[in-house]
Structure formats: C-alpha cells, structure tokens
Amino acid sequence: MEYHLGCIECKKTFHDDSLYTCPSCNGLLEVAVDVGNADFKLDGKEIKVWKYRSLLPIRIEPITLFEGGTPLYSIRSDKETKLFVKHEGLNPSGSFKDRGMTVGITKAVELGKTRVVCASTGNTSASMAMYSARAGLKAYVFLPSGKVALGKLAQAIMHGAKVIAVRGNFDTALRIVREICSRNDIYLLNSVNPFRLEGQKTIAFEIVDQLGYCPDAIYVPVGNAGNISAIFKGFKELKEAGYIDFIPRMIGVQAEGANPIFRAFSEGKNRITPVGNPETIATAIRIGSPVNARKALKAIYSSDGKVIQVSDDEIVRAQKILAKQGIGVEPASASSFAGFMKDYEEFESAVCIATGNLLKDPEEAVRVSEKPIEVEPDLEIIEKLL
Ligand SMILES: *Cc1c(COP(=O)(O)O)cnc(C)c1O
Ligand SMILES: [Zn+2]
C-alpha cells in the first residue's frame, strides 16, 4: 500500500518509517494513507483490526493476537440519547492498546528491529510485552514506580518484558525513554509513534461497522491523547472514502487532577501547559504532559467537540453503574461515561469508549466495593444474610 509520513506542523512529508517526529521541526508525524485503497465493506461482518488492512500502513504479514471486534453494548439510562459503550477491555491484553500494538509491533518487525521499548502507566507495557513475546522481540518497559495497577504489572512481567520502575511519574519515564531511543537502536512504541495510532483508528471503523450508521458524539478518556486523535483520524478517513457523511463530535474526558487538555480547551488554546504533579485514581490517564496534545486539540476543535473534566468520585460512580449493567472496566475507562453523565448534551446517539478491563486494577475494585462477609459455616446464620 502507498502512504507517507507528514508533519502536522510544517507539513513536510517523509518516506522513512523509522521516524517518530519531524526531523525538521520536531512536530508530530501522521501517516497519510490513500483512502482510495479502502476495500472493506462496513457490513457488520468479521469485525477485527485487520479487516481494515487496506487502510493500514503495513507491508508484511501482521503479528496478531486477533485484536479488535470488541462488543458495542447499548446502555440503559434515564437520558434520551441512544447510548453505547465500546468495551475495549475485551481485547487480548485487556485494553485498546492492542490495536496500536499489533500494528506497532508488526512495523518493528518490518523495520528489522529486535528490541522495543515504552514508558507506560501500565496498559501500553502489558500490551507491548504480550505482542513482543508473540513476535519474539526483546521488550523493555519503563513504569512510574509504585503507580501501576497490579494487573498491568503482572502482565508485563509474565510476558517477559524487562521492567524498570522509574522513581518519577509517567512524563519523566517517557522523557527518559525518548532519550534512550535517540541514542540506541531500540524501537519506541509509545503513542508518539504514528503507526500505533493507525491501529487505534480502527475503533472508528468498527463503530460504524457495528452500528450501521455514524453516531453524533464519541466520548474518549484522554491521557497522552493518542487515542482520541486516532479515533478522529479514523472517522476522517471514513468520510474521505465516502462511507459516512459527517464526523462525530469528539469529546475528551480528563480527570480533574490530570487535566492539561481540559484547561487548554477551556481557554480556547491549541497548546497545553503541562500539569506538574498529576494525580487521579484513574492511573491510566494520570499524565500531566500529553505527547499528542496538538493532534487531540485539532481533533476536538475541528469536530466541534469539547473536553469535560470529572472527579475521582464521579469516575468511581460511573464505574459502578457500568458494572451493574455487566460491563467491568478500570477507573480510567469509566471516565468517558462519567463525562457523558456529568455534562449531558442530548445527542440522538453517542458512544463512550471504555478503554480497559476491570481486572487491570483489582485493588481499586476491591477498595471501592462492599467487602465480602466472613461467617462460620452455619446454615442458619448464612440464610439470615440472604
Ligand atoms: C492508555 C489508556 C488511556 C489513555 O489513552 P491515551 O491515548 O493515552 O489518551 C485511557 N484509558 C486506558 C485504560 C488506557 O490504557
Ligand atoms: Zn515539521
């Protein structure tokens, strides 16, 4: 397939897949694909990431664990809007990161790389460890020490990544990793890597494929801001290819304690000021200096979207409401639904992206839920409890 990399700032184009940022102005790169190549039907059948291969910039057989094809559940609520949750927690490693990783790891193999690295609040490392194990690559993972949910750490270790816990937050870990990649031949798989976002744009393709129409609004939890940018790009390509005739409003949701994009949007700016000490129960979006802020703000402004901030209490409340409808998600994932409820706007239809699985953060789930009742094995006592 034909494609090239383009800088979103200076608009220069490049044909070197090993670039992460623009060599001339350091801006973010985006993959420009030819939408005229799109050969799939949005017919609701055989939905998975590689169904959309004709718009994915990969030249070799993909490294895949059969990611994508995640359920789109309708949600009961007292609101008029027809609401759906796309449960990305049901991907192979339990988060949407797998969509980006199947493409990113395949690109690493295509480029002949043998080592890959990422900084991660947890899910990127879990996913990268899994896919590099599948591909036979050596994986290095940098985590903010003591701030990674247990399930994610367990995955990274078990799948054989070398895990390095940095005394500092995610933003510090990412800075170090980028430095390492500029000095060593190790492939960087954070969402600054434009190929990862190509995989993640399939969320947009799947939503239209599953619904049979284009919803009015998409609510997305925003941390490093790659996913909202990727989903927007997916809708843009569908529109350019003639599958849909409008792009949904992209609505970003951030935690109050880690809200640089919310602040920038509220002030009408298109650049962020980093938040120094990001803090939230939603560790997957505990990021103060989102790498993809420029792309995300463009997506939000140009789709007539907005950004909502939610408190940790609102996140936990949303997590529990989803759980009571059979949808188990980690805190960050519940923020999209929390945003929908907090700043309700009547759309005909909307989709909340639930980004990761409940089992990712079992300690949080136990902490905020009713504790098990411990009893003697006495039938009479037990029956009184029912
Ligand atoms: C990575 C992640 C996010 C944030 O996505 P960005 O692309 O960094 O904005 C949100 N929720 C979960 C569960 C994640 O793993
Ligand atoms: Zn540039």
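Relevant structure appears above.
Conventions adopted
Residues numbered from 1 in each chain as written. Chains lettered and ligands numbered in written order. Predicted model: local features only at pLDDT ≥ 70, side-chain atom pairs only at ≥ 80, totals over all residues. Heavy atoms only, no water. Near = heavy atom within 4 Å. Polar contact = N/O pair within 3.5 Å; in protein donor to acceptor, adjacent residues only side chain to side chain. Areas by Shrake-Rupley, 256 points an atom, 1.4 Å probe, with all protein chains shown as cover. Nonpolar A, V, L, I, M, F, W, Y, C, P; charged D, E, K, R; others polar. Donors = N, O, S within 2.8 Å, 3.2 Å for Na, K, Ca; no water. Tetrahedral: all angles 85-135°; square planar, octahedral: opposite > 155°, others 65-115°. Buried < 20%, exposed > 50% of the residue type's maximum accessible area, 1.4 Å probe, protein only. Core = buried A, V, L, I, M, F, W, Y, C linked by side-chain atoms within 4.5 Å. Helix = DSSP H or I, 4+ residues; strand = E, 2+ residues; numbered from the N terminus. Domains from an automatic or database assignment. Phe/Tyr/Trp six-rings, centres within 6.5 Å; stacked < 30°, edge-to-face > 60°. Lys NZ or Arg CZ within 6 Å of the ring centre and 35° of its normal. Pairing = 2+ DSSP bridges. Right-handed = clockwise from strand over helix to strand, strands pointing away. Contact = heavy atoms within 4.5 Å.

S.K.: Is there a simple way to explain the site of ligand 1 in this structure?
M.R.: Around ligand 1, 16 residues are found, and the nearest of them are K97, N123, N224, A225 and T355. A distance of 2.6 Å is found between an oxygen atom of ligand 1 and a side-chain nitrogen or oxygen belonging to N123. Here a nitrogen atom of ligand 1 sits 2.7 Å away from a polar atom, N or O, in the side chain of T355. Considering ligand 1 on its own, with 380 Å² of exposed area, one finds that the protein chains cover 97% of that surface. Grouping the constituent residues of the shell around ligand 1 by class yields six nonpolar, eight polar and two charged.

S.K.: Would you explain the coordination of the zinc ion (ligand 2) in this entry?
M.R.: Ideal coordination angles are 109.5 degrees for a metal with four donors arranged tetrahedrally and 90 or 180 degrees for a metal with six donors arranged octahedrally. Only C7 (SG), C10 (SG), C22 (SG) and C25 (SG) from the protein reach the zinc ion (ligand 2) as donors, at distances of 2.3 to 2.4 Å. Around the zinc ion (ligand 2), the four donor atoms are arranged such that angles at the metal cover 98 to 121°; this shape is classified as tetrahedral. Read N to C, the donor residues that coordinate the zinc ion (ligand 2) are spaced as C-x2-C-x11-C-x2-C. Residue C10 is classed as partly exposed on the basis of its relative accessible area, which comes to 30%.

S.K.: Is there a simple way to think about the nonpolar core in this case?
M.R.: Where a protein is soluble and globular, its nonpolar side chains tend to be buried together. By size, the foremost hydrophobic cluster in this structure holds 89 residues, and its most contacted members are I105, V116, M128, I218, I231, F235 and I261. Sorting elements by how many residues they give to this core places helix α6 (residues 202-211) first, with six residues. Here this core gathers at least three residues from each of two domains, domain 1 (72-95 + 196-368) and domain 2 (96-192). One finds A217, I285, L322 and A332 within the second-largest nonpolar core, a separate group that totals 27 residues.

S.K.: Explain the packing of aromatic side chains here, please?
M.R.: For any pair of aromatic rings, the description consists of the separation of the ring centres together with the inter-plane angle of the planes. Under the criterion given, the structure shown has ten aromatic pairs. With 5.1 Å between their ring centres and 10° between their planes, F40 and Y243 make a pair best called stacked. Here F40 is found in the loop between β3 (29-33) and β4 (72-74), whereas its partner Y243 is found in the loop between α7 (226-240) and β11 (249-255), with 203 residues between them in sequence. Residue Y243 is classed as partly exposed on the basis of its relative accessible area of 26%. Among the aromatic residues, ring-to-ring pairing joins F40, Y52, F205 and Y243 into one connected group. Against the face of Y344 rests K79, its NZ or CZ located 5.3 Å from the ring centre. Across the ring face of F195, the terminal group of K107 is positioned such that the distance to the ring centre comes to 4.5 Å.

S.K.: Whenever I open this one, the pairing of β11 confuses me. Can you help?
M.R.: If a strand is regular, its side chains alternate between the two faces of the sheet. Burial analysis of β11 places six of its seven residues in the buried class, which makes it a mostly covered element. Summarising the sheet, strand β10 (residues 217-221) and β11 pair through five bridges and their orientation is parallel. From the neighbouring strand, Y219 faces β11, where its bridge partner is I251. Regarding the hand of the β-α-β motif, the stretch spanning β10, α7 and β11 is right-handed. Across five bridges, the pairing between β11 and strand β12 (residues 306-310) is parallel. Looking at β12, one finds that V253 is bridged to I308.

S.K.: Got a minute to help me understand the environment of A135 in this structure?
M.R.: Inspection of the secondary structure assignment puts A135 in helix α2 (residues 123-135). The class for A135 is partly exposed, based on a relative accessible area of 22%. On a C-alpha basis, the gap between A135 and T102 in space is 9.9 Å, while along the polypeptide they are 33 residues apart. If near-sequence neighbours (up to four positions away) are discounted, A135 is found in contact with I63, I105 and V109.

S.K.: Explanation requested: the sheet that holds β3 in the structure shown.
M.R.: Paired through their backbone hydrogen bonds, the strands of a sheet run either parallel or antiparallel. Reading across the sheet, the three strands line up as β2-β1-β3 and stay open at both edges, with antiparallel pairing between neighbours. Each edge of the open sheet carries a strand with a single partner, namely β2 (13-14) and β3. Alignment of strand β1 (residues 3-7) against β3, held across five bridges, turns out to be antiparallel. Its bridge partner being in β3, G6 is matched across the sheet by E30.

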